[in-house]
Amino acid sequence: MNIVAMAARKGGCGKSTLVTHLAVAAIQEGKRVAIVDLDPQATVAEWSDGRGEDPPDVVSSQPARLSRILTSMDGNYDLVLIDTPPTTGEADRVAIEAAHLVLVPTRIQTADITAVLRSVDKAATQAKPTFVIFNDESPLRRKSVADETRTVLAQRGIKVAPQVIHSRIVYGESQDASRTALETDPASLAADEIRALYAWMTQQLN
Ligand SMILES: Nc1ncnc2c1ncn2[C@@H]1O[C@H](COP(=O)(O)OP(=O)(O)OP(=O)(O)O)[C@@H](O)[C@H]1O
Ligand SMILES: [Mg+2]
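To start, this report covers the structure provided alongside it.

Procedures and definitions
- Residues numbered from 1 in each chain as written.
- Chains lettered and ligands numbered in written order.
- Predicted model: local features only at pLDDT ≥ 70, side-chain atom pairs only at ≥ 80, totals over all residues.
- Heavy atoms only, no water.
- Helix = DSSP H or I, 4+ residues; strand = E, 2+ residues; numbered from the N terminus.
- Rg over C-alpha atoms; globule rule 2.2 N^0.38 Å.
- Buried < 20%, exposed > 50% of the residue type's maximum accessible area, 1.4 Å probe, protein only.
- Contact = heavy atoms within 4.5 Å.
- Areas by Shrake-Rupley, 256 points an atom, 1.4 Å probe, with all protein chains shown as cover.
- Lys, Arg positive; Asp, Glu negative; His and termini not counted.
- Charge placed at Lys NZ, Arg CZ, Asp CG, Glu CD.
- Expected span 1.5 Å × (residues − 1).
- Phe/Tyr/Trp six-rings, centres within 6.5 Å; stacked < 30°, edge-to-face > 60°.
- 1 Å grid on protein atoms, 1.4 Å probe; cavity = no way out; pocket = protein on both sides within 12 Å on 5 of 7 lines; lining within 4 Å.
- Points joined across faces, edges and corners; volume = space filled by probe spheres on them.
- Nonpolar A, V, L, I, M, F, W, Y, C, P; charged D, E, K, R; others polar.
- Core = buried A, V, L, I, M, F, W, Y, C linked by side-chain atoms within 4.5 Å.
- Salt bridge = Lys/Arg side-chain N within 4 Å of Asp/Glu carboxyl O.
- Pairing = 2+ DSSP bridges.
- Axes fitted to C-alpha atoms, helices over the stretch in contact; angles between N-to-C directions.

This paragraph deals with the overall build of the protein. Each helix and strand counted, the protein has nine helices and seven strands in total. The C-alpha atoms of the protein give a radius of gyration of 16 Å, which matches the 17 Å a tight globule of 206 residues would have. Expressed as lengths along the three principal axes of its C-alpha atoms, the size of the protein is roughly 45 × 40 × 30 Å. Relative to its full complement of 206 residues, the protein shows a buried share of 50%. Of the contacts made within the protein by residues no fewer than 6 positions apart, 74% connect residues no fewer than 24 positions apart. Entry remark: accessible area of the protein is about 9,400 Å², with carbon and sulfur atoms responsible for 49%. Here the protein contributes 22 positive and 26 negative side-chain charges, whose respective centroids are spaced 7 Å apart.

Rendered as structure tokens:
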């Protein structure tokens, strides 16, 4: 059972959106998937409520219970994604501790990147493979911005996932409908980039 933590101490950078989309990408590849929602805002748990019995299974939990929950899930799932709140505290620490892979979404903006560095540092102290994901990038902005930022972060020893996730209306609209772009618009550019991100993530886990 692979465990992936989505952690970033920056509100609204796309943690929950990427958790739900990566979960559904895995389901569409035939995987058994669960999400543990450690965020008191319960974004993913509420998303799940609107899905009825459709997978993934979502458990809303508190940091202190995470390891027990993961133990009970072991063997029943191929992939568990952990969503965390933007606040500093126990949640991101225990999620990173439990994870095989840590993903840190961010916009490509100085203030956001500064916050990212703090999250990445935390994962680094726990010696977990950690990657930044550039999210919500304008499709209109020149592509070299992502490349340049990737180079700057590489100089600090920070790795960035190759697939940039762009700002696309379908992410929010599908999420609001308790779905994902993979379900509402499987032929969309959003669905393509999520499938590419998922394929890359799977390689990292192998
Ligand atoms: N790539 C994207 N394109 C368009 N909208 C996006 C994208 N990523 C995120 N959003 C939107 O940005 C908002 C915040 O996203 P999300 O809830 O995933 O962030 P978060 O990091 O989980 O926030 P929080 O820290 O509050 O938990 C949502 O309205 C979501 O639909
Ligand atoms: Mg969230």
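Next comes the rest of the description.
Here we come to helix α5 (residues 110-125). With 16 residues, α5 should cover 22 Å at 1.5 Å per step; its first-to-last C-alpha distance of 23 Å lies within 8% of that length. Immediately beyond the C-terminal end of α5, within one or two residues, lies Ala 127, with a positive phi of roughly 50 degrees.

Take the packing of aromatic side chains next. Inspection of the entire model under this criterion finds one aromatic pair. Each ring, one from Phe 131 and one from Trp 200, has its centre 4.9 Å from the other, and the planes form 85 degrees; the classification is edge-to-face. Here Phe 131, found in strand β6 (residues 130-134), pairs with Trp 200, found in helix α9 (residues 189-205); they are 69 residues apart in sequence, far enough to count as distant. The buried category is assigned to Trp 200, whose relative accessible area is 9%.

Attention shifts here to the layout of surface pockets. If you add up the space inside the largest pocket, you get close to 230 Å³. Taken together, the residues of the lining of the largest pocket sort by class into four nonpolar, ten polar and four charged.

Among the nonpolar cores identified, the biggest contains 36 residues, and Val 36, Leu 38, Leu 70, Met 73, Ile 82, Val 132 and Phe 134 are the most heavily contacted of them. Of all the elements, α5 adds the most residues to this core, at five residues. Counting residues in each nonpolar core, the second largest holds 33 residues, with Leu 18, Leu 101, Leu 103 and Leu 205 among its members.

Scanning the model with the defined rule gives 13 salt bridges in all. Between Glu 183 and Arg 51 there is a salt bridge; the shortest N-O distance is 2.8 Å. Linking Glu 183 in helix α8 (residues 181-184) with Arg 51 in the loop between α2 (43-49) and β3 (57-60), this pair joins segments that are 132 residues apart in sequence. Residue class for Glu 183 comes out partly exposed when judged on its relative accessible area of 27%. Notably, a salt bridge pairs Glu 97 with Arg 93, separated by 3.2 Å at the nearest N-O pair.

Spatially, β3-β2-β4-β1-β5-β6-β7 is the arrangement adopted by the seven strands of the open sheet, whose pairing is parallel. With partners counted over all chains shown, the strands left at the sheet margins are β3 and β7 (159-160), one partner each. In the sheet, β6 pairs with β7 via two bridges, with the strands oriented parallel. Each bridged residue has a counterpart across the sheet, and for Val 132 the counterpart in β7 is Val 160. Of the strands in this sheet, β1 (2-6), β2 (33-37), β3 and β4 (79-83) are in contact with helix α3 (residues 66-73), which crosses β2 at around 170 degrees. Packed onto the sheet, α9 meets β1, β4, β5 (101-106) and β6 and runs at close to 150 degrees relative to β5.

Here we come to unusual backbone geometry. Negative phi values dominate among residues other than glycine, just as trans dominates among peptide bonds. Along the chain, Pro 55 connects to Pro 56 via a cis peptide bond; the corresponding omega equals 5 degrees. Tracing the sequence through the fold places Pro 56 in the loop between α2 and β3. At Ala 42, a position not held by glycine, the phi torsion is positive, near 55 degrees. If you check the backbone angles, Asp 136 has positive phi at about 60 degrees while not being a glycine.

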